[in-house]
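Report on the structure
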Amino acid sequence: MLQPLNSLPSTAIPGGTGHDSDAPLSLLRMSVGDEALAVSIDDVREILQVARLTPLPRTPDFVRGVMNLRGAVVPVIDLSARLGGPATVTGRRSCIVVVDATDAVPANAAGNDPDGPGQPFTVGLLVDAVYEVFDRAAHEVESAPALGTRVAPGFLRGITRSGGQLIGVLALQHVLAADELSYAIAAWRTH
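Fair warning: this is a prediction, and the values are worked out from it, not measured in the lab.

Looking at the sheet that holds strand S9 (residues 156–162)
Reading across the sheet, the five strands line up as S8-S1-S2-S10-S9 and stay open at both edges, with mixed pairing between neighbours. Since the sheet does not close on itself, it has two edges, and those belong to strand S8 (129–137) and S9, each with one partner. Taken pair by pair, the neighbouring strands of this sheet meet at an average axis angle of 35°, ignoring direction. Here six bridges tie strand S1 (residues 24–32) to strand S2 (residues 35–40), and the two strands are oriented antiparallel to one another. Looking at S2, one finds that Arg29 is bridged to Ala38.

Comments concerning the sheet that holds strand S6 (residues 95–102)
The strand order S3-S6-S7-S5-S4 describes an open sheet built from five strands, whose pairing is mixed. Strands with a single pairing partner mark the edges of an open sheet, and in this sheet they are strand S3 (44–49) and strand S4 (63–69). Between one strand axis and the next, the sheet turns by 30° as a mean value, whatever way the strands run. Examined bridge by bridge, S3 and S6 share five bridges and lie antiparallel to one another.

Thoughts on the packing of aromatic side chains
Tallying each qualifying case throughout the model produces zero aromatic pairs. The ring of Phe62 is capped by Arg82, whose NZ or CZ atom sits 5.4 Å from the centre of that ring.

Observations concerning the pattern of salt bridges
Evaluated as defined, the whole model comprises six salt bridges. Arg150 is the partner of Asp34 in a salt bridge, and the nearest nitrogen-oxygen pair spans 3.8 Å. Highlighted residues: Asp34 in the loop between S1 and S2 and Arg150 in the loop between S8 and S9, separated in sequence by 116 residues. Neither residue differs from the other here; Asp34 and Arg150 are each classed as exposed. With its nearest N and O atoms 2.4 Å apart, the salt bridge here joins Arg70 to Glu46.

A few points about unusual backbone geometry
For Arg70, which is not glycine, the phi dihedral falls at a positive 50°. Take Arg70: its relative accessible area is 66%, and that puts it in the exposed class.

Overview of the pairing of S6
In terms of residue burial, S6 counts as a mostly covered element, since six of its eight residues are buried. Pairing analysis gives eight bridges linking S6 to strand S7 (residues 120–127), with the strands arranged antiparallel. Residue Ala101 lies in a different strand from S7, and its bridge partner there is Phe121.

Observations concerning the nonpolar core
Grouped together as the largest cluster of nonpolar side chains are 28 residues, with contacts concentrated most on Leu79, Leu170 and Leu176. Breaking this core down by element, the ones donating at least two residues are S1, S2, helix H1 (79–82), S6, S7 and helix H2 (172–175). Counting residues per element, this core draws most heavily on S6, which supplies four residues. With eight residues, the next largest nonpolar core counts Leu27, Ala36, Val141 and Val169 among its residues.

Looking at the pairing of S4
For S4, a buried count of five out of seven residues is recorded, marking the element as mostly surrounded by other parts of the structure. When S4 meets strand S5 (residues 72–78), the two strands line up antiparallel, connected through six bridges. When the bridges of S5 are listed, Asn68 appears paired with Val73. Joining the antiparallel neighbours S4 and S5 is a turn of two residues, in which Arg70 adopts a positive phi near 50°.

Each value, and the rule that gives it
Residues numbered from 1 in each chain as written. Predicted model: local features only at pLDDT ≥ 70, side-chain atom pairs only at ≥ 80, totals over all residues. Heavy atoms only, no water. Pairing = 2+ DSSP bridges. Helix = DSSP H or I, 4+ residues; strand = E, 2+ residues; numbered from the N terminus. Axes fitted to C-alpha atoms, helices over the stretch in contact; angles between N-to-C directions. Phe/Tyr/Trp six-rings, centres within 6.5 Å; stacked < 30°, edge-to-face > 60°. Lys NZ or Arg CZ within 6 Å of the ring centre and 35° of its normal. Salt bridge = Lys/Arg side-chain N within 4 Å of Asp/Glu carboxyl O. Buried < 20%, exposed > 50% of the residue type's maximum accessible area, 1.4 Å probe, protein only. Core = buried A, V, L, I, M, F, W, Y, C linked by side-chain atoms within 4.5 Å.

Printed below as a string of structure tokens:
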């Protein structure tokens, strides 16, 4: 179950390091279906053209397969499908945003994190297009509303504006939570 982001300490939010509210955040703006979304540029390793992916049998639609990234096997997640939208139709501007993420580690009942930070891992996110890197002060990223967004609020770190457009800022540790991905993949398999 996703924990509401407003109950998480700022250090548990990707890109949130507990610095003051005027500290700049560099965000990568991208298109996922009809949504404008962003991720912290600190989490982005590289941006690649869509190349050959090896499909994995008996996996949900959001797992597009794996790719070879300089000898490492990297899973590729269709971000639109993962967020509950339709599967991405690969087009001319489609790309894979390779991110280094840290899995969210559940806190114990006292709210302490007994295991330290989560395990780091690399994953590719299939998106429709990538546009720009822009800066926002941390206080310019507002809390995600409980209603009124197409993306589940638990997947959002917050929302901000750029060029008059509302942009959802993703909380990658929730979108890519290993236990939830494993559960969704296991539930998809036929028994």
